[in-house]
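Spelled out from the first residue to the last, the chains are:
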Amino acid sequence: MEHIAFFYNILTLIFGLSTFFLSLVYALKSKEELLIRYLFLFLSFTLSIVSEIVIFYFRDRLNLLYIRYLSLFSIILLFFVLQLIFFIFSFVNYVYRVKYEKIKNIIIFILCVVIFLVQTSFIVVFKMQIEQNSALSRLIIKSPFLFLFFAVLYSVINHFCYIKNISDKLKKTSSIVQVVLIIMIPCFIVDFIFYDNPAIMIHFIFFVLFSVISSRYILKYYFSINQNNDYSSSNYENFYKNYNLTNREKEIVELLINGRSNKEISLTLNISLSTVKNHLHNIFQKTNSLSRWDIMSKIKN
């Protein structure tokens, strides 16, 4: 069983790191806010998984060191999980265009900071008691995942409330993720109950599935952007008319569709990179789009 668990953890890391580097490469190339936000979300998810695996290793193989540095492990895990919670809320608010997005993000950030400071203070003050009391130490280690459970529920609820706000292309992928989340919720509960003595952490399966779904979306998105998109002039004209784009915005859309990066658009049109970003922001706002893929879909249809 120990060898199976080891292989399971390694496989989890391989899937996670592969997806992270794939996301990083395309986020750096496209500079799209959707992918950049996703990259931060996935990085925080990966770091929380890695911290769990490290803690399991110390607890199972180096028990004396685990007990000695239990407080430190608890603080590190708490930091990564709260970071993940913040990016889940932030990403969900952005993708679903939740009302008062910035205010809600600020509130969640403040709550995460307060929770971190309060629990860290508790761990530092009661360090000896925590290390000597196994029940209390298990509760401290497990507590961050209680907050994570509420972030998962927030994601599912907002999906059903604001799904009309996202494009059809993203809607399908988002729906798959939410279905997997709903299926995995009982598994998260089981993991929370038996976190102190796991054979295999079931929520790692969600991380792997999330990695696979994300990789599929990014690769499909990448190839659709870089393929030859021969739209008729009527496609473009109808799109421009429907969304009332300026002449400069029309030029940028055409370059965007042909797979040009922000920097390449800047050089082609002889304008600054910040000006390109401002135009793109306006285009996305006018067309109610989150990505180039959304714009391509709307031109095609």
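Above: the structure in question.
A quick note: this is a predicted structure, and the numbers were derived from the prediction, not measured.

J.: Just give me the short version of the overall build of the protein, but keep the residues and values in it.
T.: Secondary structure summary: the protein contains 14 helices and zero strands in total. For the protein, contacts bridging at least 24 residues in sequence account for 73% of all contacts bridging at least 6. Carbon and sulfur atoms make up 67% of the accessible area of the protein, which totals about 16,000 Å².

J.: Would you mind going over the pattern of salt bridges in detail, with residue names and values included?
T.: Throughout the structure, instances matching the rule amount to three salt bridges. Linking Lys286 and Glu249 is a salt bridge whose minimum nitrogen-to-oxygen distance equals 2.9 Å. Here Lys286, found in helix 13 (residues 273-287), pairs with Glu249, found in helix 11 (residues 247-257); they are 37 residues apart in sequence, far enough to count as distant. A relative accessible area of 4% places Glu249 in the buried class.

J.: Tell me about the packing of helix 11 against helix 12 (residues 262-269), and name the residues and values.
T.: For the pair helix 11 and helix 12, interaxial distance at closest approach is 10 Å and the crossing angle is 130°. Judged by the angle between their axes, helix 11 and helix 12 are oblique. Crossing hand, helix 11 versus helix 12: right-handed. Of helix 12, the residues touching helix 11 (which contributes Arg248, Glu251, Ile252, Leu255 and Leu256) are Ile265, Thr268 and Leu269. Along the lines of polarity and charge, the residues of the contact of helix 11 with helix 12 split into five nonpolar, one polar and two charged.

So, how was this worked out
- Residues numbered from 1 in each chain as written.
- Predicted model: local features only at pLDDT ≥ 70, side-chain atom pairs only at ≥ 80, totals over all residues.
- Heavy atoms only, no water.
- Helix = DSSP H or I, 4+ residues; strand = E, 2+ residues; numbered from the N terminus.
- Contact = heavy atoms within 4.5 Å.
- Areas by Shrake-Rupley, 256 points an atom, 1.4 Å probe, with all protein chains shown as cover.
- Salt bridge = Lys/Arg side-chain N within 4 Å of Asp/Glu carboxyl O.
- Buried < 20%, exposed > 50% of the residue type's maximum accessible area, 1.4 Å probe, protein only.
- Axes fitted to C-alpha atoms, helices over the stretch in contact; angles between N-to-C directions.
- Parallel < 35°, antiparallel > 145°, perpendicular 65-115°, else oblique.
- Left-handed = near helix turned anticlockwise from the far one by under 90°.
- Nonpolar A, V, L, I, M, F, W, Y, C, P; charged D, E, K, R; others polar.

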